[in-house]
Amino acid sequence: MKPVLMFITSWCPYCKRADVMIADLKKSNPEYANIEVTVVDEELHPEISKKYDYYYVPTFYVDEVKLHEGVPTKEIIRKVFDEACK
């Protein structure tokens with residue numbers, strides 16, 4: 001299982017919504033429960049976020065590949081998790 005890297009900001013409403021969707025998906029699908037999601041707040045850790053190419057948050061990376069940037073949906077996060085399970 002591959003880890004997921006998620007970039008956020010503390011004030012972003014879409015990032016907060018993504019957290020809820022992630023929790024729901026992990027609760028409803030046992031396969032997703034073991035996926036490690038590393039959350040990086042770009043304001044607290046600019047030294048990490050500057051190494052990645054994105055503009056909007058939340059942004060999801062799996063294996064250093066950007067899979068989604070911007071407003072998430074549950075289906076988008078499901079696709080990110082499916083990629084992490086490969």
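The coordinates are above.
Remember, predicted model here, so these are calculated numbers, not experimental data.

Student: Which residues make up the environment of Val-65, and what values go with them?
Tutor: By the secondary structure assignment, Val-65 is in strand E4 (residues 65–69). Assessed through its relative accessible area of 45%, Val-65 is described here as partly exposed. Once the C-alpha coordinates of Val-65 and Ser-28 are considered, the two residues, 37 residues apart in sequence, prove to be 26 Å apart.

Student: Requested: an account of the packing of aromatic side chains, with residues and values cited.
Tutor: One pass over the full model with this rule turns up six aromatic pairs. Ring plane angle 85° and centroid distance 5.9 Å describe the contact between Phe-7 and Tyr-61, whose orientation is recorded as edge-to-face. Within this pair, whereas Phe-7 is found in strand E1 (residues 4–8), its partner Tyr-61 is found in strand E3 (residues 59–62), the two being separated by 54 residues in sequence. Every member of this aromatic cluster is reached through a ring pair, and the members are Phe-7, Tyr-52, Tyr-54 and Tyr-61.

The rules behind each value
- Residues numbered from 1 in each chain as written.
- Predicted model: local features only at pLDDT ≥ 70, side-chain atom pairs only at ≥ 80, totals over all residues.
- Heavy atoms only, no water.
- Helix = DSSP H or I, 4+ residues; strand = E, 2+ residues; numbered from the N terminus.
- Buried < 20%, exposed > 50% of the residue type's maximum accessible area, 1.4 Å probe, protein only.
- Phe/Tyr/Trp six-rings, centres within 6.5 Å; stacked < 30°, edge-to-face > 60°.

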